[in-house]
Amino acid sequence: MSAAPTPTASEGSLRRALGVPSLVLFGLVYMVPLTVFTTYGIVTQISGGRVPLAYVVTLVAMVFTARSYARMAHELPFAGSAYTYTQKTFGASIGFVAGWALLLDYLFLPMINYLVLGIYLEAAFPMIPAWVFIVTAIVLVTVLNIIGIVSVARANFVIIAAQAIFIVTFAALSIATLTGMGDVDLAAPFTGDGTADGFAPVMAGAAVLCLSFLGFDAISTLSEEAKDSEKSVPRAIVIATITGGLIYIALSYLSQIVFPSNDFAEVDSAALDVMAAAGGQFLTVFFTAAYVAGACGSALTSQASVARILYAMGRDGVLPRGFFGRLSQRFDTPVNATLAVGVVSLLAVVVDLTFLSEMISFGALVAFSAVNLSVIKHFVIDGGRRGTAAILSYVVLPGIGFGLTVWLWTSLSARTLVIGLVWLAVGIAYLAVVTRGFRRPTPTLDLKE
C-alpha cells in the first residue's frame, strides 16, 4: 500500500494530542454506560435471571473481536471501520455486503433511542401514549439535524457527566439497600432464578447484549489525533471494550441483587422496578431523567451520523445519487437523507424493543465476524505471516473471535435470523442491479471526508 501524502503547510494537519486515557474515555462515551438498562428486562427473562453471566460471555467474545479491530486499525487507519477493513481485504463486493449488514445498525440505532424514550416517558406520564413522545422526538430531532447543529459536544459532556453521577448514586444506594436486606444470594445473578435451564438461554441473552458494545471501534476514527497512534489506538480499543464490559457486568449484577426477580411491571421498562427497589422515587426520577437525556442526545447524534453515511453512499453512487447525494443549498445539510432516516424511525411506533435489539445485534455480529476474518486474510493469506507467533496472533485468536461471534449470531431468535438473512439477500440483489449483473465494478464508499 502506498504511503499517504504528507499534508502541506496550507492544508494543515490534526494535532496529535490524545493519549490512551483520552481515547479510552472517548470510546466509553460512545458505548454509553446506561445502555445496560435498554434490554435489561428482556435479557433477564431470556437468560433466567443471569444478565451478568450473559455479559461475561459477550465480553469474552468482544475482547477477541476488539483485538481484531485493533490489528486492522493499526494496518488500515482509515474511516469506515468494518466496511473499510472488509472492502480492503476481501474486495469491493464482500465489503459492500458487510456495509449493507451494518446499514441495519445505522438505521435502527436512532429508532431504538426513540423507542426507549417513548417507553420511559410513558411510564413517567401514563396519561400520554408512547407514540406521542416518539413522534414528537422524531420531528424535533429531524428538524434540528436539517437546520444544522454547530456543536453538541458540550451537551454530550453534560449527558455523560449526569450518567456518571447516576451510576455512583445507584451503586451507593444499592449497597445501602443490600445491607438492610438480611440474607442475600450473591451468586444468584450467575446461577439463575430457575426459570431457564441450561446454557443456551445465556447465549441467547448474550447475543442480544452485543448492541451494548457498538461504538468501541469509534476510537479508530481518532488515529490522526492520537499520540503514537500505531500503539495507542489499538491499546485503547481493547481497554475501552474491557472497561465497558466490566461496567455493564457490575451494573447488571447490582440490579439483579437488589431486585432478584424477573416479574416486572413492564418488561421493556424493567429498570424502573430496579430503581424503585434500590432508591425509591428519588432514584426512579433521577434514572428517568438521565436515561431520557441520554436517549435524546444519542438520537440526535446517531441520526446525524446515519444521514451523513446515506449522503456519502448517494454521492458515491452506492445509493441513488439524485435523492441521497444532495445537500440543501439553504442549510448545507443532507435534507433528503435526514428525512429518510426520520421516516424509517417512525417504525418505532409499531415495532417492539426485543426485535430492534436483536436486529441491531444481527448487523453488529455480521460486521464483527467479517473483521475477525479480515485479520486472517490480511496478515496470513495476503501478508504471508508465518511462524508459531504469527499463527497464534493472526489465525488462532481471530479464529476464536470469529467462532464466538458466529455462536452468538446463531443464538439469536429465528425471526431475527430470517429477517436479517432476507436483508442480506436484498443487498446482494441490489448490488447485482447496480453492477448490471456483476459486470460493472462495485461502487465503493469514500468515508474520508
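Keep in mind it's a predicted model, so treat the numbers as computed, not measured.

So, how was this worked out
- Residues numbered from 1 in each chain as written.
- Predicted model: local features only at pLDDT ≥ 70, side-chain atom pairs only at ≥ 80, totals over all residues.
- Heavy atoms only, no water.
- Helix = DSSP H or I, 4+ residues; strand = E, 2+ residues; numbered from the N terminus.
- Rg over C-alpha atoms; globule rule 2.2 N^0.38 Å.
- Buried < 20%, exposed > 50% of the residue type's maximum accessible area, 1.4 Å probe, protein only.
- Contact = heavy atoms within 4.5 Å.
- Axes fitted to C-alpha atoms, helices over the stretch in contact; angles between N-to-C directions.
- Parallel < 35°, antiparallel > 145°, perpendicular 65-115°, else oblique.
- Left-handed = near helix turned anticlockwise from the far one by under 90°.
- Phe/Tyr/Trp six-rings, centres within 6.5 Å; stacked < 30°, edge-to-face > 60°.
- Lys NZ or Arg CZ within 6 Å of the ring centre and 35° of its normal.

A. Just the overall build of the chain, in detail. Across its full length, the chain holds 16 helices and 0 strands. For 449 residues, the compact-globule estimate of 2.2 N^0.38 gives 22 Å, and the C-alpha radius of gyration of the chain, at 22 Å, lies within 12% of that figure. Projecting the C-alpha coordinates of the chain onto the three principal axes gives extents of approximately 65 × 60 × 45 Å. Expressed as a percentage of its 449 residues, the buried residues of the chain come to 51%.

B. View of helix α2 (residues 40-47). With 6 of 8 residues buried, α2 is to be regarded as a mostly interior element. Considered for burial, the residues of α2 that qualify are Tyr-40, Gly-41, Ile-42, Val-43, Thr-44 and Ser-47. Against the buried residues of α2 lie α3 (51-75), α9 (200-208), α10 (229-258), α11 (271-315) and α14 (353-382). Immediately beyond the C-terminal end of α2, within one or two residues, lies Gly-48, with a positive phi of roughly 70 degrees.

C. Focus on the packing of α3 against helix α4 (residues 81-90). Where α3 meets α4, the axes come as close as 11 Å, and the angle between the chain directions of the two elements is 65 degrees. What the angle tells us is that α3 and α4 run roughly perpendicular. Pair α3 / α4 crosses with left-handed handedness. Of α4, the residues touching α3 (which contributes Tyr-69, Met-72 and Ala-73) are Ser-81, Ala-82, Tyr-85 and Thr-89.

D. Summary view of the packing of aromatic side chains. Taken as a whole, this structure holds 27 aromatic pairs when the rule is applied. Pairing Phe-166 with Phe-170 gives two aromatic rings, centres 6.0 Å apart and planes at 15 degrees, and the pair type is stacked. Placement of both Phe-166 and Phe-170 in helix α7 (residues 153-179) is noted, with a separation of 4 residues, approximately one turn of the helix. Neither residue differs from the other here; Phe-166 and Phe-170 are each classed as buried. With a centroid separation of 4.9 Å and 80 degrees between ring planes, the pair formed by Phe-323 and Phe-324 is classed as edge-to-face. Given a relative accessible area of 40%, Phe-323 falls into the partly exposed group. Taken together, the aromatic side chains of Phe-37, Tyr-40, Tyr-120, Phe-166, Phe-170, Phe-259, Phe-264, Phe-282, Phe-286, Phe-287 and Tyr-291 make up a single cluster linked through ring pairs. Lys-377 extends its terminal NZ or CZ atom over the ring of Phe-90, reaching a point 5.7 Å from the ring centre.

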